[in-house]
Amino acid sequence: MDLAQRFRDFALLEARDNSPLYHHRALDISKDPQVLSLIAQLPTAKQQPNLILAAARVNGATAVPYTEFRDQFHENWRAIAATAATRRTQTNEAGRAATLLPVLARLPGPLSLIEVGASAGLCLYPDRFSYRYGETALGPSDGPSPVVLTCKITGPVPIPTQLPQVVHRAGVDLNPLDAGDSDDQRWLSALVWPGQHERLARLQAACAIAATDSPTLVTGDLLEQVTDLVHTAPRDSTVVVFHSAVLTYLSPQARADFRETVLGLPCHWVSQEGTGVLASLADRLPPRASESARMVLALDDEPLAFAGPHGQSLDWFGPA
């Protein structure tokens, strides 16, 4: 895709309704040949608008007026390019636990959770968060959590009456992040778009939880590591492999290979990916209730619901 078009698409399809600053910034970049020429020096995979904008933020290009931002971008380009080359768009949205919970809570406990594409593993703590589904609220037995996830629901969502018991937390990522490391926290914060203050506060609170009880995170490819992670989980637990907005970064063949692998393992598989990511689900989906419901929640390759990308909504069409 043409680089200018890539930034236009990001502005109009991703940022417009979520971050006014990023919406205008991406449009301005799309019309700026000099800034585009710098970004074009990077490998195609590192030209992602979200990655570039986050790298700019952590390296001093933070001015709101575009003319000032443009000067800062040029002045700090070497540092921005170095950050983009070594970092990834590892958005670790704890809010997705709100859409995963109704599936996880239906499985017999205790649970061993294994997240592929885990980033810092913040979604491995569904038992440590508080939730609000319409008029229903629930949380940990020892008191309210500093992380409160609100999810708008439609359809016969099986809202649990209590949180699941989690006895094992593990994950794999090409570059795992440490929720207790200040540099990794800074990068995760930079991936939250400007103006999304609630998401930023949620991220910081979730990092504090993960930092006090760190999960087991291994470095590697999900296809190569998932089998060992499943077999090393406690045998007296229900093992659950899950992921959210991860397989979209794999090739169609790699997605098919992962599906075949995980369905052959002694575990449950919970996926939460874009509507067109898993081909096996595509022809079994009803019409979407809204444009914001862009992810499909599925259990063991059976689609159950549409979900908002940050866990803000759950439109259930599966059995109650």
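Overview of the structure. (Residues numbered from 1 in each chain as written. Predicted model: local features only at pLDDT ≥ 70, side-chain atom pairs only at ≥ 80, totals over all residues. Heavy atoms only, no water.)

With that settled, the discussion passes to the overall build of the protein. Secondary structure summary: the protein contains 12 helices and 11 strands in total. For 320 residues, the compact-globule estimate of 2.2 N^0.38 gives 20 Å, and the C-alpha radius of gyration of the protein, at 20 Å, lies within 12% of that figure. Reported as C-alpha extents along the three principal axes, the dimensions of the protein are approximately 55 × 40 × 40 Å. A sequence separation of at least 24 residues applies to 70% of the contacts in the protein between residues at least 6 apart. With 26 positive and 34 negative side-chain charges, the protein shows a spacing of 4 Å between the two charge centroids. (Helix = DSSP H or I, 4+ residues; strand = E, 2+ residues; numbered from the N terminus. Rg over C-alpha atoms; globule rule 2.2 N^0.38 Å. Contact = heavy atoms within 4.5 Å. Lys, Arg positive; Asp, Glu negative; His and termini not counted. Charge placed at Lys NZ, Arg CZ, Asp CG, Glu CD.)

Looking now at the nonpolar core. If you look at the biggest cluster of nonpolar residues, it comprises 79 residues, and the most contacted ones within it are Ile29, Phe73, Leu122, Phe129, Tyr131 and Val270. When residues of this core are assigned to their parent elements, the largest contribution, seven residues, is made by helix H4 (residues 49-58). Apart from the residues lying within four places of it in its own chain, the contact partners of phenylalanine 129 are Ala94, Ala97, Leu122, Gly139, Pro140, Ser145, Val147, Leu149, Leu163, Ala206 and Ile209. Counting 24 residues, the second-largest nonpolar core is a separate cluster that includes Leu229, Leu247, Val277 and Leu281. (Core = buried A, V, L, I, M, F, W, Y, C linked by side-chain atoms within 4.5 Å. Buried < 20%, exposed > 50% of the residue type's maximum accessible area, 1.4 Å probe, protein only.)

In this section: the packing of aromatic side chains. All chains considered together, the criterion is met by nine aromatic pairs. Aromatic pair phenylalanine 10 and tyrosine 22: ring centres 6.3 Å apart, planes at 55°, arrangement tilted. In this pair, phenylalanine 10 is assigned in helix H1 (residues 3-15) and tyrosine 22 in helix H2 (residues 20-30), connecting sequence segments 12 residues apart. Considering the side-chain rings of phenylalanine 73 and tryptophan 77, the 5.4 Å spacing of their centres and the 35° angle between planes classify their relative orientation as tilted. Tryptophan 77 carries the same exposure label as phenylalanine 73, and that label is buried. Here the aromatic residues Tyr66, Phe69, Phe73 and Trp77 are joined through ring pairs into a cluster of three or more. The ring of phenylalanine 69 is capped by arginine 25, whose NZ or CZ atom sits 4.0 Å from the centre of that ring. (Phe/Tyr/Trp six-rings, centres within 6.5 Å; stacked < 30°, edge-to-face > 60°. Lys NZ or Arg CZ within 6 Å of the ring centre and 35° of its normal.)

So, on to the sheet that holds strand S1 (residues 111-116). Across the sheet, which stays open at both edges, the 11 strands sit in the order S3-S2-S4-S11-S10-S9-S8-S7-S1-S5-S6 with mixed pairing between neighbours. Each having just a single partner strand, strand S3 (136-138) and strand S6 (216-219) make up the two edges of the open sheet. The average undirected angle you get between the axes of adjacent strands in this sheet is 20°. Two elements, strand S5 (residues 166-173) and S6, share four bridges in a ladder whose sense is parallel. Each residue of the ladder has a partner; that of glycine 171, found in S6, is leucine 217. (Pairing = 2+ DSSP bridges. Axes fitted to C-alpha atoms, helices over the stretch in contact; angles between N-to-C directions.)

This paragraph deals with the pattern of salt bridges. Counting across every chain of the model gives 12 salt bridges. In this structure, glutamate 93 engages arginine 202 in a salt bridge whose closest nitrogen and oxygen atoms are separated by 2.9 Å. One end of the pair, glutamate 93, is in the loop between helix H6 (77-86) and helix H7 (97-104); the other, arginine 202, is in helix H9 (residues 197-212), with 109 residues separating them in the sequence. The pair formed by glutamate 93 and arginine 202 is uniform in burial state, with each residue classed as buried. Across the pair arginine 259 and aspartate 301 runs a salt bridge, and its minimum N-O distance is 2.6 Å. Note that arginine 259 is positioned in helix H11 (residues 252-263) and aspartate 301 in the loop between strand S9 (295-299) and strand S10 (302-307), a separation of 42 residues in sequence. Through salt bridges with shared partners, a single network forms among Asp127, Arg128, Arg169 and Asp213. (Salt bridge = Lys/Arg side-chain N within 4 Å of Asp/Glu carboxyl O.)

Let us look at empty space enclosed by the protein. Over the atoms rolls a probe the size of a water molecule, and in doing so it shows where empty space is left. Taken as a whole and judged by the stated rule, the model has one cavity of 30 Å³ or more. What the largest cavity holds in volume is close to 60 Å³. Taken together, Thr91, Asn92, Glu93, Ala94, Leu188, Leu191, Val192, Arg199, Arg202 and Leu203 form the lining of the largest cavity. For the lining of the largest cavity, the element with the highest residue contribution is H9, accounting for three residues. Tallied by class, the residues present in the lining of the largest cavity amount to five nonpolar, two polar and three charged. (1 Å grid on protein atoms, 1.4 Å probe; cavity = no way out; pocket = protein on both sides within 12 Å on 5 of 7 lines; lining within 4 Å. Points joined across faces, edges and corners; volume = space filled by probe spheres on them. Nonpolar A, V, L, I, M, F, W, Y, C, P; charged D, E, K, R; others polar.)

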